[in-house]
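Descriptive analysis of the structure
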Amino acid sequence: MNYRSTVVVVALVAAWCALWESVSFANVLSGLVVSVPAVIFAGSHTNGPSIRLVPAVKLIWLVAFDLVKSTFLVVWEILTPIDYTDETIIAVDTQIEARSHLLLLVVAITLTPGPASVDTDPDTGRRYSHLLHADAEPEVIEHVRRLAELSCEAFPTAAVPDDPTHLEEARP
C-alpha cells in the first residue's frame, strides 16, 4: 500500500467515524474492515493528474454560494404575492472536456433550488435545464459553463477524443 492509498484509507475511516458520530475502537476497526478492501480492489491509480485543490475549493465555494443565493430567490418568489415566473427549458452546450463531468454538473445545478436539470446528452455534452425566469437564460448559460470549466480544472481526466463516434467504432 502506497502513501496515496494510506491517505485514502485514513480519510475513509475518518468519514466512517463521522457517520457514526463517535471515534471508538469498534468504529475505527469496522472502518478499516470496509475501507482497506475497498482501496485494494478499487486501486489507487489515476488516469492522469489528481484533484487540483484550488479549483476544487473554488467549485465548492461557487456551488455553496449558489445554494444560498438561489434559496433566497425561491423564498422571495414564494413570499411575493405576484407571480413573476416565466418558466422555460433551455439547452446548454458544454465543452468536450466537460463530458466527463456531466454528473457533477447535473448535481451541482439541481442541488440549488430554482434551475433544475431536465435531461443530458452524454454524446454531445448538451444539458437541458428548467428555469423559473426565461430572462435569466444568458446568465445561466454562462454560469453552467463556469461550473464546467471549474470542474474540468479541479478534476482533470484523460484526453477526450474530439469525435464522439469513436465509441461506436470500438464496439464489437
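In this report, the structure presented in the accompanying data block is examined.

So, how was this worked out
Residues numbered from 1 in each chain as written. Predicted model: local features only at pLDDT ≥ 70, side-chain atom pairs only at ≥ 80, totals over all residues. Heavy atoms only, no water. Patch = residues over 30% accessible without salt bridge, like charges linked within 9 Å, V, L, I, M, F, W, Y side chains within 5 Å. Areas by Shrake-Rupley, 256 points an atom, 1.4 Å probe, with all protein chains shown as cover. Salt bridge = Lys/Arg side-chain N within 4 Å of Asp/Glu carboxyl O. Helix = DSSP H or I, 4+ residues; strand = E, 2+ residues; numbered from the N terminus. Buried < 20%, exposed > 50% of the residue type's maximum accessible area, 1.4 Å probe, protein only. Pairing = 2+ DSSP bridges. Phe/Tyr/Trp six-rings, centres within 6.5 Å; stacked < 30°, edge-to-face > 60°. Core = buried A, V, L, I, M, F, W, Y, C linked by side-chain atoms within 4.5 Å. Contact = heavy atoms within 4.5 Å.

**Side note on a nonpolar patch on the surface**
Together, F25, L29, V33 and V34 line one region of the surface with nonpolar side chains, adding up to about 420 Å² of accessible area. Along the chain, V34 falls in helix α2 (residues 25–42). Residue classification places V34 among the partly exposed residues on the basis of a relative accessible area of 43%.

**What to know about the pairing of strand β3 (residues 126–131)**
Side chains R127, S129 and L131 of β3 all project onto a buried face; the interleaved residues R126, Y128 and H130 project onto a face where none is buried. Relative to β3, strand β1 (residues 88–93) runs antiparallel, the two sharing 6 bridges. Counted as the bridge partner of D93 is R126 from β3. In the sheet, strand β2 (residues 116–121) pairs with β3 via 5 bridges, with the strands oriented antiparallel.

**Re the packing of aromatic side chains**
Evaluated as defined, the whole model comprises 1 aromatic pair. On the basis of an interplanar angle of 50 degrees and a centroid distance of 6.3 Å, the ring pair of W16 and W20 is categorised as tilted. Here the residue W16 and the residue W20 both occupy positions in helix α1 (residues 3–20), the gap between them amounting to 4 residues, near one helical turn. Taking the relative accessible area as the measure of exposure, W16 reaches 24% and is therefore partly exposed.

**Points about the nonpolar core**
The nonpolar side chains of soluble globular proteins are, as a tendency, buried together. In this structure, I90, L105 and L147 are the most contacted members of the largest nonpolar core, which totals 18 residues. Secondary structure elements with two or more residues in this core: α3 (53–79), β1, α4 (102–111) and α5 (137–154). Counting residues per element, this core draws most heavily on α5, which supplies 7 residues. Each residue touching I90, except ones within four places of it in the same chain, is listed here: R127, Y128, S129, L131, E137, V140 and I141.

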